[in-house]
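# Residue-level structural notes
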Amino acid sequence: MLKLIEIKDLKTNFYTYEGIVQALDGINLSMREGEILGLVGETGCGKSVTALSILRLIRPPGKIEAGEVILRLQDESSQSKDPIDLLDQTEPLMQKVRGNEVSMIFQEASEALNPVYSVNNQVSESFLLHRQKELCRDVLKKIEQDLGKATSFLRRIILKMERRIYLRMRENPSSSWLAILSFLPIVRSYKRRMVNQARIESIELLRILGIPHPEEVVRRYPHQLSGGMQQRIVIAMALACSPTLLIADEPTSNLDVTIQAQILDLLQGLREKLKTSILFITHDLGVVAEICERAAVMYAGHIVEVAPVHPLFRKPLHPYTQGLLKSVPRPGEKGRLQSIEGNVPNLIHPPPGCRFHPRCPSVMAKCSERKPALRETEQGRFVACYLHHQETEKNDT
Amino acid sequence: MREAKSKYHFRNEVRKSLKPRVEELKFSLHRITRSPLSLIGLTLILVFATVAILAPQLAPPKRLYEPYQIPRDGYAATPQPPSTEHVFGTTEGQYDIYYGVIWGTRTAFRIGFMVVGATMLIGLFLGSLAGYYGGLVDEVIMRLVDIFMSIPTLILAMAIVTALGHSLDNVVKALIIVGWPIYARLIRGEILQIREEDYVSAARAVGCPNALIILKHILPNSVYPMLILASLDIGAVVLVAAALSFLGLGAPVGYADWGQMVSFARNWIVGPPQNPLAYWHTITIPGLFMLFFVLGWNLLGDAFRDILDPRLRRR
Amino acid sequence: MKAYIIRRLLLLFVVLFGVSILVFAILSLFSPEQRASVFITDVKQLRDLQEIIQTHHLDAPIHIQYYYWVKALLRGDLGWSITAQRPVLEAFFYFLPNTIELALFSAPLIIIIGIWLGSVSAVHQNKLIDHTTRTLAIIGWSLPTFWFGLMLLMIFYGYFRGLLPPEALSTKSNLYVQSAEFVRYTRINTLDALLNWQPWILFDALRHLILPVITLTVVQCALVMRIMRSSMLEALGRGYITTARSKGASETTVVKRHARRNALIPVVTVSGWLIAGLAGGVVITETIFSRKGLGWWWARAAVQLDIPAILCAVLFNAILFVVTNLVVDLLYAYIDPRVTLK
């Protein structure tokens, strides 16, 4: 299977009043098509920043300093094209990628939805932004049907004009002629057809996602929906254009456990039906165990370990991962929980070398000198720790 | 079961809560000195304050018991341009502009501080009553606030001054009557909001007495908006007082008040055809004093708002 | 919705009642003799002062006075205005058109320019345009209206030889407007000029409007701009903006569709205050530019102790404010779907 996305040496900084926060310090990550990768770590370790950096949504005072985000795009016939570096592209191209090839869903669904627009409005927006040609095609079909039924002369004229407009739109959605048309007061009601078509698509999308009574739901406003429903709408917005990569930033952290299960089911179903890859960001190891195939462990802006989920849980290699797994209570276990000594480091003045070394029970001298690189130990397992580097050296020879 | 707390406990509690406040205060001062706009505002106000304090030295009054009466150099109607004798020139009726604007600074400070001080106290008192007791007291006070706020400041002040008589003291009284509602509403809003905060519930849950809650939690959190409002209000008050004096409802003719001096200039905006700007000094100079005075307070108030708002402090 | 409006209108009466008490309280600060002067239209009537006091119950207990006063009010009899030399209600409608004209041109400008500048300022936060507009706004807010107007007159009327003169119309136009050829439908000069199709009168009226409108607009615009800027900044920091960007919306769309609609909500609330601020500003502006409108009348009334006129000012503004607030609340409910009218 081909690599869908590869992040190389991604560095992101935030320039604040108190100093430069080195949020991401050389992240390396890659995903294949159709896989669910979990990104695990504590609050503040940089998971969300990674997600935003992939989509180049980092705003001042943040800045993506260096690195590459190589994405394999798909063209219209779902064939893979040559991979491109997202960090090198122009903003208009990025806008074509966002919401279309790569989508994102957020932790706080109520914050992610605009309170003054209806559900229909917000879900349709995804279609209207990226699926104009398909919408035009459907609208034209409807116009043909109407033309067949229309009798009055005036009506036929209007329909023919609409047909011309939509034909033009199908070929060249951004023509300046259309821009002028959408400015004039009465004429711009031509858009009504497309908006309606988008609405039909939205209702269908909600139905596919298993939302009951979608025709009614689309008319509602975000504050009238429950938390689980809001999150489903956010997911619908992200899935509207069948993205190849879905970045899920802690989508279930704010939800009840039962709703959480439903959402996770939904996301898993996506992978089967649409072959969507999912980058699942979370701090909950249980969720990782539930739906992820591979997991990457992150600490203070570094990726410290990447492995398939079961081997990772059975035999964690990095001391941080070991500490993490030890601190999770398991049913049947008694005794005190073991927490990791120390505190999460200040990212303005991070510890030199490996950022975990002040808290590491197996710290060595060279840990504070240079940051250990992420190296492959066994097939498919990567660790960034000098403890395991001797093994990789063995493997190299 | 609560044990009796000694009075030292109360005092120590207050003192303990003050320490981080002192640190925050230092941070605020640090931010004030860093921001250029607030420095400009502060400088302007300090300059005006110096002028006001040194008024007797800068512009020695002719009659010691009536320092606010601007001395006249004759009775001619035409204003004279600036000269060595009259640094800023004279107005209609030969009132010395320099003297007027210097002592006018004192008048401005007097009006500003008196009105804002009184309105703050009245508003604080009534607003706290309304917010703390709620119920009927709250309803009555808020209806009163609504009634007063439904009439624009200038118009209501005009009405009251007309009723009481045209004088600067009555202007101050009128502005106090008109001005307290905003403070009352502000403090009431703050109290109502803070009452619902989790930290107040938490304080109550650990058995904190009401008085301590008010002292320690409610008042310190509501002080900052009041400060911001007060510093912005001083400017607004001085402007309204000047407008009233301009209309002839405030300071009597010849009194050292900026608004009053501009009203002199009304008839002299256009000079003789060959030199239409001949009497620019009669209007420009008092006006500039007003502008910079109010500007200083507005800048300071703005800076306060940016610096004291806990959400915007550390961007 | 209807029930809400009805309830609010009832509340209006409650507030009006309160205002009437306030106004009456101001009124009773005057002595009976002073208040009798209200009913005197002719100097000869001074002899019958005591009779007048008797007939109008001016020395009766307070609540009886209030009763008669309200009765007269509801009949439309607000007294006689010395400054206008006619009954107060008549004077009110006489001076109204000029003020409406001024407000008609100022209010939309204030709102549109304020919103636009505030939006631009927020989107380009901390860049040059932001600092410039903020500085201008704070200077504008610190300007004494009357001084600013006089300075404008000095420059554009004095220095530029009558380019933009005060008053509502030039003498020539005024003569024409009073003549029989010109039909005064609304008594608003610009509208009437349009309806009579007299472009020169229209042009003249507009020329006389430029300075007063600028004077009024600048100070109020500053307020709207600042509120819009801060609410826009807050809206731009919210989660749905990131969502919109992650959907691939262009920055213009994000700002216009998503941020602005949310940012306008607090601005609508301020609009109520705007109307109140205009009322005060109108008094000064009309006085300076000698436009004979409501503000001009009230200013003279205050100086000449024309009590009925002043009380009319207070009453009118209270009604205006309450009605404006009702409209603002309805608009609020329209824009923000989270608001339910209770």
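Residues numbered from 1 in each chain as written. Chains lettered and ligands numbered in written order. Predicted model: local features only at pLDDT ≥ 70, side-chain atom pairs only at ≥ 80, totals over all residues.

Moving on, we get to the overall build of chain B. Assigned secondary structure in chain B consists of 11 helices and zero strands. In sequence order, chain B lays out its α and β elements as α-α-α-α-α-α-α-α-α-α-α. A principal-axis box enclosing the C-alpha atoms of chain B has dimensions of 85 × 45 × 40 Å. Counting over 315 residues, chain B shows a buried share of 44%. When contacts within chain B are restricted to residue pairs at least 6 apart in sequence, those whose partners lie at least 24 apart make up 69%. (Helix = DSSP H or I, 4+ residues; strand = E, 2+ residues; numbered from the N terminus. Buried ≥ 20, exposed ≤ 12 C-beta atoms within 10 Å, placed from the backbone. Contact = placed C-beta atoms within 7 Å.)

Once that is clear, we can look at the overall build of chain A. Tallying secondary structure elements over chain A gives 15 helices and 12 strands in all. Principal axes of the C-alpha set define a box for chain A whose edges measure 90 × 45 × 45 Å. Relative to its full complement of 397 residues, chain A shows a buried share of 39%. Relative to all contacts within chain A whose residues are 6 or more apart in sequence, the contacts with residues 24 or more apart total 64%.

All names here are of chain A. In terms of burial, strand 9 (residues 294–299) is largely enclosed, as six of its six residues are buried. Side chains R294, A296 and M298 of strand 9 all project onto a buried face; the interleaved residues A295, V297 and Y299 project onto the opposite face, where all are buried too. Two elements, strand 3 (residues 36–40) and strand 9, share four bridges in a ladder whose sense is parallel. Among the inter-strand pairings, L39 is bridged to a residue of strand 9, identified as A296. Two strands pair when backbone bridges link them, and strand 9 and strand 10 (residues 302–308) are joined in this way by six bridges, in the antiparallel orientation. Pairing of A296 across the sheet is with V306, part of strand 10. Hairpin connection of strand 9 to strand 10: two residues between the antiparallel strands, including A300 at a positive phi of 50 degrees. (Pairing = 2+ DSSP bridges.)

Taken together, the 41 residues of chain B in the interface contact 41 residues of chain C. Of all elements in the fold, only helix 5 (135–149), helix 6 (153–164), helix 9 (210–247), helix 10 (258–265) and helix 11 (280–308) of chain B reach the threshold of two or more residues within the side of chain B that touches chain C.

So, about the packing of helix 11 of chain B against helix 7 (residues 145–159) of chain C. As a packed pair, helix 11 of chain B and helix 7 of chain C sit with axes 10 Å apart at the nearest point and diverge in direction by 145 degrees. In terms of crossing hand, the pair formed by helix 11 of chain B and helix 7 of chain C is left-handed. Packed against helix 11 of chain B, whose contacting residues are W280, I283, G287 and M290 of chain B, the element helix 7 of chain C presents W147, L150, M151 and M154 of chain C at the interface. A breakdown of the residues in the contact of helix 11 of chain B with helix 7 of chain C according to their chemical character gives seven nonpolar, one polar and no charged. (Axes fitted to C-alpha atoms, helices over the stretch in contact; angles between N-to-C directions. Left-handed = near helix turned anticlockwise from the far one by under 90°. Nonpolar A, V, L, I, M, F, W, Y, C, P; charged D, E, K, R; others polar.)

One full turn of an α-helix is made of 3.6 residues, so residues set three or four places apart face in the same direction. Residues and elements named next belong to chain A. Over its 12 residues, helix 4 (residues 119–130) extends 18 Å from the first C-alpha to the last, a length consistent with the 16 Å expected when each residue adds 1.5 Å. Of all 12 residues in helix 4, 11 are buried; the element is thus mostly enclosed. Buried residues along helix 4 sit in contact with helix 5 (132–149), helix 8 (191–208), helix 9 (214–217) and helix 10 (227–239). (Expected span 1.5 Å × (residues − 1).)

When a protein is soluble and globular, its nonpolar side chains tend to lie buried together. Core analysis: the largest hydrophobic core is formed by 276 residues, its most contacted members being I155, A157, M158 and L175 of chain B together with W298, I310 and V314 of chain C. Counting residues per element, this core draws most heavily on helix 9 of chain B, at 17 residues. If near-sequence neighbours (up to four positions away) are discounted, W298 of chain C is found in contact with I155 and M158 of chain B together with V283, A309, I310 and A313 of chain C. (Core = buried A, V, L, I, M, F, W, Y, C linked by C-beta atoms within 7 Å.)

Model confidence for chain B is summarised by a mean pLDDT of 82, while 95% of its residues fall at 70 or above. As a predicted assembly, this complex carries a pTM of 0.83 together with an ipTM value of 0.85. (pLDDT = per-residue confidence, 0-100.)

Attention now moves to helix 11 of chain B. With 29 residues, helix 11 of chain B should cover 42 Å at 1.5 Å per step; its first-to-last C-alpha distance of 41 Å lies within 8% of that length. Within helix 11 of chain B, 23 of the 29 residues are buried, which leaves the element mostly enclosed by the surrounding structure.

Quick look at the sheet that holds strand 12 (residues 382–383) of chain A now. Residue and element names in this part refer to chain A. Taken in spatial order, the eight strands of this open sheet run 6-7-8-3-9-10-12-11, and their pairing is mixed. Whereas interior strands pair on both sides, the edge strands pair on one side only; in this sheet they are strand 6 (102–105) and strand 11 (375–376). Across five bridges, strand 3 lies against strand 8 (residues 277–282) in parallel orientation. Looking at strand 8, one finds that L39 is bridged to I281. Strand contacts of helix 1 (residues 47–54): strand 3, strand 6, strand 7 (245–249), strand 8 and strand 9, with the helix running at about 150 degrees to strand 7, the strand carrying the most contacts.

Moving on to the environment of F24 of chain C. Residues and elements named next belong to chain C. Within the secondary structure, F24 sits in helix 1 (residues 2–27). Given 16 C-beta atoms within 10 Å, F24 falls into the partly exposed group. Considering only alpha carbons, one finds F24 and L311, 287 residues apart in sequence, at a separation of 8.6 Å. Non-local contacts of F24, meaning those with residues more than four positions away in its chain, are made with Y66 and W69.

What follows concerns the packing of helix 7 of chain C against helix 12 (residues 251–289) of chain C. Residue and element names in this part refer to chain C. It is the contact of helix 7 with helix 12, at a shortest axis distance of 9 Å, that shows an interaxial angle of 30 degrees. The pairing of helix 7 with helix 12 is recorded here as roughly parallel in orientation. Two packed elements cross with a definite hand, and for helix 7 against helix 12 that hand is right-handed. Of the residues in helix 12, those in contact with T145, F146, G149, L150 and L153 of helix 7 are G281, I284, T285, I288 and F289. (Parallel < 35°, antiparallel > 145°, perpendicular 65-115°, else oblique.)

Turning our eyes to something else, we now look at unusual backbone geometry. Of note, the amide linkage connecting P60 of chain A to P61 of chain A takes the cis form, showing an omega dihedral of 10 degrees. Considering the arrangement of structural elements, one finds P61 of chain A in the loop between helix 1 and strand 4 (62–74). Of note, N126 of chain C is a non-glycine position whose phi angle comes to about 65 degrees, a positive value. Note on placement: N126 of chain C falls in the loop between helix 5 (88–123) and helix 6 (128–142).

This part is about the pairing of strand 6 of chain A. Residue and element names in this part refer to chain A. Side chains V102 and M104 project from strand 6 onto one buried face, and the interleaved S103 and I105 project onto a second face that is buried too. Note that strand 6 and strand 7 share four bridges and pair parallel. The residue of strand 7 that forms the bridge with M104 is I247.

Let's shift gears to the environment of T83 of chain C. By secondary structure assignment, the location of T83 of chain C is in the loop between strand 1 (80–81) and strand 2 (86–87). The spatial distance from the C-alpha of T83 of chain C to the C-alpha of W298 of chain C is 8.9 Å, given a sequence separation of 215 residues.

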